[in-house]
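If you want the building blocks of each chain, they are given just below.
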Amino acid sequence: MTRRSPVRAGVRHPLVGVGVALASAAAFGTSGPFAKSLLVSGWSPGLVTTLRLTLAALVLFVPALMALRGKWGVLWRSKWLVAGYGLTGVAGAQLAYFNAVTHLSVGVALLLEYLAPTIIVGWLWARHRQTPRRLTVTGIGLSMIGLLLVLNLAGGARVSLIGVAWGLVAAVCLTMYFLLSDQVDADLPPIALAGVGLFVGAVALWSAGLLGIVDLTKGATRVDLAGSMVAWWVPLLVIALLAAAFAYVTGIVAVRMLGAKVASFVALTEVLFAVLFAWLVLSELPSPIQLVGGVLIIAGLVAVRTDESRRPAA
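To start, this report covers the structure provided alongside it. Residue positions are given per chain, counting from 1 as you read along its sequence in written order. Local features in this predicted model are restricted to residues whose pLDDT is 70 or higher, and side-chain atom pairs enter the listing and the counts only when it is 80 or higher, whereas totals over whole chains, interfaces and linings include all residues. Heavy atoms from the whole structure form the basis of all side-chain values; hydrogens and water molecules are not counted.

## Remarks on the nonpolar core
So, step 1. With 68 residues, the main nonpolar core has Y85, L147, F178, L188, L198, Y248 and L258 as its most contacted residues.
So, step 2. The element best represented in this core is helix α12 (residues 233-258), accounting for 11 residues.
So, step 3. Beyond its immediate stretch of four places on either side in the chain, L198 contacts L53, A56, A57, L60, V90, A245 and Y248.
So, step 4. Judged by nonpolar contacts, the second largest core, of 14 residues, contains L51, L236, A243 and V281. Among buried residues, those of type Ala, Val, Leu, Ile, Met, Phe, Trp, Tyr and Cys that are joined through side-chain atoms within 4.5 Å constitute a nonpolar core. When accessible area is computed with a 1.4 Å probe and restricted to protein chains, residues below 20% of their type maximum are described as buried, those above 50% as exposed, and intermediate ones as partly exposed. Elements are defined by DSSP. Helices are runs of H or I of four residues or more, strands are runs of E of two residues or more, and each kind is numbered from the N terminus. The contact criterion used throughout is that any non-hydrogen atoms of two residues lie within 4.5 Å.

In structure tokens, the structure reads:
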């Protein structure tokens, strides 16, 4: 049985954990609008993702080493969980998602990936006999309907069996991101777990690129960002520092505070933040139906969080 995290045990108000989870979701939500400036300029999704993880791993290298002083034994005990986190939750989720996008519309790919909260509920039910109660089921329904509306799939979505398969792989990898974050030894500092996980993910993607599995094509040196031509490394730094280094550290902290199930539902707000940043950076205004979907997602989050707060502590 996994030892209860001291971070989670020390939280005096559930809104603290929700706030950290929202900060992580907001940071992850910046990746799409800023990465788009690179992708439309000829940069391959594989290279953008690989560079993003590499830079984030380098940024967290020294802080991770400092956090690991006196705790190398903890890292060694959790080595397989940490390796799994880096391969699935970091590299696998992003690689599978970008492969899904090459065959599907972005809306369908995101919808498939964000089946992760439902998978987590099913896993907890099957593995730990945590039967979902009526309020949780209601929250799942509201969040899924809201996600459908936010993604606005009625705007002409493309579907292919290969793309659907990649989307489901992305959902499983995202599920592993939340579950492994919750299972790793609580004595391993979040910044160390994020740093090592990003390093493992970066090495895996560089290896896949050298083997020809991942396309590492480089595009233009100057890209269009919010109507201005900037150097390619400007949007890359944003998605590496904010949407990777900061996002993964706060995401791990949120999972330890809230647990995998609640944190995964709060992560659905990444879609809302992505729409917001697309509006601010790319002038892509959300439609009224997307705003309604956002309200439903928030309602679903409140339902799941309320139900979880009523569950007796194990």
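Having seen the model, we can carry on.
## Topic: helix α11 (residues 190-210)
Given 3.6 residues per turn, any residue in an α-helix points the same way as the ones three and four places further on.
So, step 1. How far a helix is expected to stretch is found by multiplying one less than its residue total by 1.5 Å. The first and last C-alpha atoms of α11 sit 30 Å apart over 21 residues, in line with the 30 Å expected at 1.5 Å per residue.
So, step 2. Note on α11: the residue one or two positions beyond its end, G212, has a positive phi of about 85°.

## Here's the deal with the packing of aromatic side chains
So, step 1. We call Phe, Tyr and Trp rings a pair once their centres come within 6.5 Å, taking the six-membered ring for Trp, and we label the pair stacked below 30 degrees between planes, edge-to-face above 60, and tilted otherwise. For the structure on display, the rule yields five aromatic pairs.
So, step 2. Considering the side-chain rings of Y177 and F178, the 4.8 Å spacing of their centres and the 70° angle between planes classify their relative orientation as edge-to-face. You'll find Y177 and F178 in the same group, each marked buried.
So, step 3. Here the aromatic residues F28, Y85, Y177, F178 and Y248 are joined through ring pairs into a cluster of three or more.

## Remarks on the pairing of strand β1 (residues 222-225)
So, step 1. Of the two faces of β1, the one lined by V223 and L225 is fully buried and the one lined by R222 and D224 carries no buried residue.
So, step 2. One requirement defines pairing of two strands: DSSP has to find at least two bridges between them. Pairing of β1 with strand β2 (residues 228-231), which is carried by four bridges, proceeds in the antiparallel orientation. By the bridge assignment for β2, L225 is matched with S228.
So, step 3. Once β1 ends, the chain turns through two residues before running back antiparallel as β2, passing A226 with a positive phi of about 55°.

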